[in-house]
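# Chain and residue survey
This is what each chain is made of:
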Amino acid sequence: MTPSPHRTNPRPQGTNAHPLRFGYGTNGLADLRLDDALALLADLGYDGVGLTLDHMHLDPLAPDVAARTRKVARRLDTLGLGVTVETGARYVLDPRRKHGPSLLDPDPADRARRVDLLIRAVRIAADLGAHAVHCFSGVLPADPAHLADPAAPAHPAATADPAEDSAWKRLAETLTPVLDAATHAGVPLAVEPEPGHLLATLADFHHLRRILGDPPALGLTLDIGHCQCLEPLSPADCVRAAAPWLRHVQIEDMRRGHHEHLPFGDGEIDFPPVLEALAATGYQALTVVELPRHSHAGPHFAAQSLPFLHRAARAIPAGAEGSTP
């Protein structure tokens, strides 16, 4: 993509110029029209956008979604913005259930609706030239007893809980056609460990990877705040541990034990070591600011976030970038 003529805050240069590419999530700009949001991010100097497929921006269920996607692709190219497709819209499938239905829903027809959405997202991502498609597992049903099948043979990677083990099997089965679509399209599927979900941690990601047989199309979305929230490792150590599977990174501040996405400086994360670890891995895709509950002041937080990340990147010691993790 050609550089954007709109950019007024280009990436800082100098001896510590970093290879990281920063984006901002449209789920934190939900009150803006998509074209306005993209222009804002280009003007601020962002390298790309985390595009959440939703009714107010690029609706994956719209009858003319292919034509809309082509228009967005042209706009991204004009503005010089990279893109990752995100699928965390709260009510895109069900106006009454947040993030419903999920890949773990009891009703096969409901699960199929989520699978269809993800396959649509893969196609949209391919048409946009996106780096990856983000997704998550969903939470266990309120009454998971129906998941257990006492007649089913135990899986080699079984957990101590038969219902939970059946949930992992269901997740693997529902993701398989999505992974097939991702393989065909050449777009990685980047699963996000989400606090409170079945797949909540890096260990859970590796559990799923083993169940599926480590398919090449399966990658990881690493949310830096989630690492601070509940992982046993520090966020920087999480980056190093996750490096071989990183396909998408989300970033915000957070406090230990509290799943609340915070503006930079309002939490507990020390960001220079995190960015140093990311740079050292050779990660080339977008690192996207994730502030979905701050849309009421989205332009303000978008303007504040990029200078913060640039300052943190400049604090990386000279010579630290590009080293092996």
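Here is what the cut-offs are and how they apply
- Residues numbered from 1 in each chain as written.
- Predicted model: local features only at pLDDT ≥ 70, side-chain atom pairs only at ≥ 80, totals over all residues.
- Heavy atoms only, no water.
- Buried < 20%, exposed > 50% of the residue type's maximum accessible area, 1.4 Å probe, protein only.
- Helix = DSSP H or I, 4+ residues; strand = E, 2+ residues; numbered from the N terminus.
- Pairing = 2+ DSSP bridges.
- Right-handed = clockwise from strand over helix to strand, strands pointing away.
- Phe/Tyr/Trp six-rings, centres within 6.5 Å; stacked < 30°, edge-to-face > 60°.
- Contact = heavy atoms within 4.5 Å.
- Expected span 1.5 Å × (residues − 1).
- Disulfide = S-S within 2.5 Å.
- Core = buried A, V, L, I, M, F, W, Y, C linked by side-chain atoms within 4.5 Å.
- Axes fitted to C-alpha atoms, helices over the stretch in contact; angles between N-to-C directions.
- Parallel < 35°, antiparallel > 145°, perpendicular 65-115°, else oblique.
- Left-handed = near helix turned anticlockwise from the far one by under 90°.
- Nonpolar A, V, L, I, M, F, W, Y, C, P; charged D, E, K, R; others polar.

### Description of the pairing of strand β1 (residues 21-25)
Of all five residues in β1, four are buried, a share of seventy percent or more. Of the pairings in the sheet, the one linking β1 to strand β10 (residues 286-289) comprises four bridges and is parallel in character. Bridge pairing in β10 places Arg21 opposite Leu286. Relative to strand β2 (residues 48-52), β1 runs parallel, the two sharing three bridges. Its bridge partner being in β2, Tyr24 is matched across the sheet by Val49. Between the parallel elements β1 and β2, the chain passes through helix α1 (residues 34-44) in a crossover that is right-handed.

### Re the packing of aromatic side chains
Going through the model one piece at a time under the given rule, you end up with four aromatic pairs. Each ring, one from Phe264 and one from Phe308, has its centre 4.9 Å from the other, and the planes form 5°; the classification is stacked. Separated by 44 residues along the polypeptide, Phe264 in the loop between β9 (258-262) and α8 (271-281) and Phe308 in helix α9 (residues 298-314) bring together distant segments of the chain. Arranged with centres 5.5 Å apart and planes meeting at 90°, the rings of Phe271 and Phe308 form a pair that is edge-to-face. With a gap of 37 residues between them, Phe271 in helix α8 and Phe308 in helix α9 connect regions that are remote in the sequence. What links up through ring pairs into an aromatic cluster is the set Phe264, Phe271 and Phe308.

### Some words on the environment of Val49
With respect to the element layout, Val49 can be found in strand β2. Take Val49: its relative accessible area is 1%, and that puts it in the buried class. Sequence-wise, Val49 and Leu76 are 27 residues apart; in three dimensions their C-alpha atoms are separated by 9.1 Å. In contact with Val49, other than residues within four places in its own chain, are Gly23, Tyr24, Thr26, Leu38, Leu41, Leu76, Gly82, Val83, Thr84 and Leu286.

### Here we look at helix α4 (residues 162-185)
With 24 residues, α4 extends 35 Å between its outermost C-alpha atoms, agreeing within 8% with the 34 Å of an ideal straight helix rising 1.5 Å per residue. Gly186 sits one or two residues past α4 and shows a positive phi near 75°.

### What to know about the pairing of strand β3 (residues 82-86)
With respect to burial, β3 is a largely interior element, five of its five residues being buried. Burial along β3 is two-sided: Gly82, Thr84 and Glu86 and Val83 and Val85, pointing in opposite directions, are all buried. Across five bridges, the pairing between β2 and β3 is parallel. Paired with Thr52 across the bridge in β3 is Glu86.

### Observations concerning the state of the cysteines
Taken as a whole and judged by the stated rule, the model has zero disulfides. You can see Cys227 has no disulfide; the closest cysteine sulfur is in Cys238, sitting 3.7 Å from it. Between Cys229, a free cysteine, and Cys227, which holds the nearest cysteine sulfur, the sulfur-to-sulfur gap is 9.9 Å. On the basis of relative accessibility, which here comes to 8%, the residue Cys229 falls in the buried class.

### Concerning the nonpolar core
Across soluble globular proteins, you tend to see nonpolar side chains buried next to one another. Counting residues in hydrophobic clusters, the biggest one holds 89 residues, and the most contacted among them are Tyr24, Leu128, Leu171, Leu175, Leu222, Leu246 and Leu275. With nine residues, the single largest contributor to this core is α4. Discounting chain neighbours no more than four positions away, the residues touching Leu246 are Leu220, Leu222, Val239, Leu278 and Tyr283.

### A look at the packing of α1 against α9
For the pair α1 and α9, interaxial distance at closest approach is 10 Å and the crossing angle is 25°. The orientation of α1 with respect to α9, classified from their angle, is roughly parallel. Viewed along their axes, α1 and α9 form a crossing whose handedness is right-handed. From α1, Leu40, Leu41 and Leu44 reach across to α9, where they touch Pro299, Ala302, Ala303 and Leu306. When grouped by side-chain class, the residues that make up the contact of α1 with α9 number seven nonpolar, no polar and no charged.

### Let's talk about the side chain of Thr287
With respect to the helices and strands, Thr287 occurs in strand β10. Among all residues touching Thr287, those that are not within four sequence positions of it are Arg21, Phe22, Gly23, Val249, Ile251 and Leu278.

### Structural notes on the environment of Leu286
Relative to the assigned elements, Leu286 resides in strand β10. Relative accessible area serves as the criterion here: at 0%, Leu286 is assigned to the buried category. Between the C-alpha atom of Leu286 and that of Val49, which follows or precedes it by 237 residues, the distance is 7.9 Å. Beyond its immediate sequence surroundings of up to four residues, Leu286 is in contact with Arg21, Phe22, Asp47, Gly48, Val49, Gly82, Val83, Thr84, His131, His248 and Val249.

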